[in-house]
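Here are the chains, one letter per residue:
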Amino acid sequence: MKDNNIISRYNKLFFKINGAKTVDDIRIIYDEVKKFEITYKLVDKETVKKVNELFLNRMNDMITENEIIHQGILDKTKELNKTEFDYSKEKDDSQAVQAKTLELMSRLPKYKNLANSGVISQTIGSTIKSGTSGAKAVLELLKYPAYVDMVDERFRQQAFIASKSTKQIQFETKKELDLEKMNQANAQAILQGFHLRTIQKKFIASKQENYFF
């Protein structure tokens, strides 16, 4: 009866250990392995040793798998960060931007002072709102020292955002979402690895004074 019982429990543990996929699985099995050892260590030391080794080997394998997954996420994140929007497929609006820049310069005063700052702000603001060509024209002003002071940080940010095409915005939005998913997966992998190593150390420490290891 005892032999049949230990074989039955060993077989159940064997399949559970080999089927472990998550930290929660390992936690549950950890307790079952301890109970198995307490129950049978004086009855069949070899079988108890097998169970302990089987459990430790599965943890080691899961830690290795976790490291591979973690590295894979880092590699994918690195590649994703390298991806850039393909401007070559965008419509060439250089002439429209150049024309808009010249028009903008003709509407702006040569110098900025307290008296004309309101007019400058209104002119630049309306040009940004006129469309992507207008926004790009405002950014073009930054290349000319006489106009740099007229385009403050607020207008630079507005013009930068407004200068993007719909396709570029879609590309950047998707990239941002993909990176966010990668970061979440990376955090999960790190946490899983941490818990696995913690359980592994705890398990090995409990066996240090034992003949098993």
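See the structure shown above.
As a starting point, this report considers the structure included with it. Fair warning: this is a prediction, and the values are worked out from it, not measured in the lab.

Looking at the overall build of the protein
When you go through the protein residue by residue, the secondary structure sums to nine helices and zero strands. Taken from N to C terminus, the helices and strands of the protein fall in the order α-α-α-α-α-α-α-α-α. Over its C-alpha atoms the protein spans a radius of gyration of 33 Å, topping by over 25% the 17 Å that the globule rule assigns to 213 residues. Its C-alpha atoms give the protein principal-axis dimensions of about 100 × 35 × 20 Å. Put simply, 73% of the contacts in the protein that link residues at least 6 apart link residues at least 24 apart. For the protein, the accessible area works out to roughly 14,200 Å², and carbon and sulfur atoms hold 55% of it. A distance of 2 Å separates the average location of the 36 positive side-chain charges in the protein from that of its 29 negative side-chain charges.

Overview of the packing of aromatic side chains
One pass over the structure, following the stated rule, counts eight aromatic pairs. On the numbers, 6.0 Å between centres and 70° between planes, the contact of tyrosine 30 with phenylalanine 203 is edge-to-face. With tyrosine 30 in helix H2 (residues 23-40) and phenylalanine 203 in helix H9 (residues 166-207), the pair connects residues that are 173 residues apart, well separated along the chain. A relative accessible area of 7% places tyrosine 30 in the buried class. Overall, the relative accessible area of 1% leaves phenylalanine 203 in the buried class.

Observations regarding the layout of surface pockets
Over the atoms rolls a probe the size of a water molecule, and in doing so it shows where empty space is left. What the largest pocket holds in volume is close to 340 Å³. Contributing to the lining of the largest pocket are 15 residues, with Glu90, Lys91, Asp93, Lys136 and Ser163 lying nearest its centre. Looking at the lining of the largest pocket element by element, the count peaks at four residues for helix H6 (residues 132-140). Its residues placed into classes, the lining of the largest pocket shows four nonpolar, five polar and six charged.

Section: the packing of helix H5 (residues 117-129) against helix H8 (residues 153-162)
Across the interface, H5 lies against H8 with an axial gap of 10 Å and an inter-helix angle of 15°. Here H8 runs roughly parallel to H5, going by the angle between their axes. As for how H5 packs across H8, the hand of that crossing is left-handed. Contacts between H5 and H8 involve Ser121, Ile124, Gly125 and Ile128 from the first element and Arg154, Phe155, Gln158, Ala159 and Ala162 from the second. Each residue belonging to the contact of H5 with H8 can be placed in one class, and the counts come to five nonpolar, three polar and one charged.

Structural notes on the environment of alanine 162
Relative to the helices and strands, alanine 162 is located in helix H8. Its relative accessible area of 26% is what places alanine 162 among the partly exposed residues. Sequence separation of alanine 162 and lysine 129 is 33 residues, and the distance between their C-alpha atoms is 7.6 Å. Among all residues touching alanine 162, those that are not within four sequence positions of it are Ile128, Thr132 and Ala135.

So, the pattern of salt bridges
All told, the structure shown has twelve salt bridges when counted by the stated rule. A salt bridge links arginine 58 to glutamate 65, with the nearest nitrogen and oxygen atoms 3.3 Å apart. Given a relative accessible area of 37%, glutamate 65 falls into the partly exposed group.

Here we look at the packing of H2 against H9
Two elements in contact, H2 and H9, have axes whose closest approach is 10 Å; the angle formed by their N-to-C orientations is 10°. The angle between H2 and H9 places the two elements in the roughly parallel class. Together, Val23, Ile26, Arg27, Tyr30, Val33 and Glu37 of H2 and Gln192, His195, Leu196, Ile199, Lys202, Phe203, Ser206 and Lys207 of H9 make up the contact between the two elements. Of the residues in the contact of H2 with H9, the class split is seven nonpolar, three polar and four charged.

So, the side chain of threonine 123
Within the element layout of this structure, threonine 123 appears in helix H5. Ignoring any residue separated from it by four or fewer positions in sequence, one finds threonine 123 in contact with Leu104, Arg107 and Leu108.

So, how was this worked out
- Residues numbered from 1 in each chain as written.
- Predicted model: local features only at pLDDT ≥ 70, side-chain atom pairs only at ≥ 80, totals over all residues.
- Heavy atoms only, no water.
- Helix = DSSP H or I, 4+ residues; strand = E, 2+ residues; numbered from the N terminus.
- Rg over C-alpha atoms; globule rule 2.2 N^0.38 Å.
- Contact = heavy atoms within 4.5 Å.
- Areas by Shrake-Rupley, 256 points an atom, 1.4 Å probe, with all protein chains shown as cover.
- Lys, Arg positive; Asp, Glu negative; His and termini not counted.
- Charge placed at Lys NZ, Arg CZ, Asp CG, Glu CD.
- Phe/Tyr/Trp six-rings, centres within 6.5 Å; stacked < 30°, edge-to-face > 60°.
- Buried < 20%, exposed > 50% of the residue type's maximum accessible area, 1.4 Å probe, protein only.
- 1 Å grid on protein atoms, 1.4 Å probe; cavity = no way out; pocket = protein on both sides within 12 Å on 5 of 7 lines; lining within 4 Å.
- Points joined across faces, edges and corners; volume = space filled by probe spheres on them.
- Nonpolar A, V, L, I, M, F, W, Y, C, P; charged D, E, K, R; others polar.
- Axes fitted to C-alpha atoms, helices over the stretch in contact; angles between N-to-C directions.
- Parallel < 35°, antiparallel > 145°, perpendicular 65-115°, else oblique.
- Left-handed = near helix turned anticlockwise from the far one by under 90°.
- Salt bridge = Lys/Arg side-chain N within 4 Å of Asp/Glu carboxyl O.

No statement about biological role is implied by the geometric values presented.
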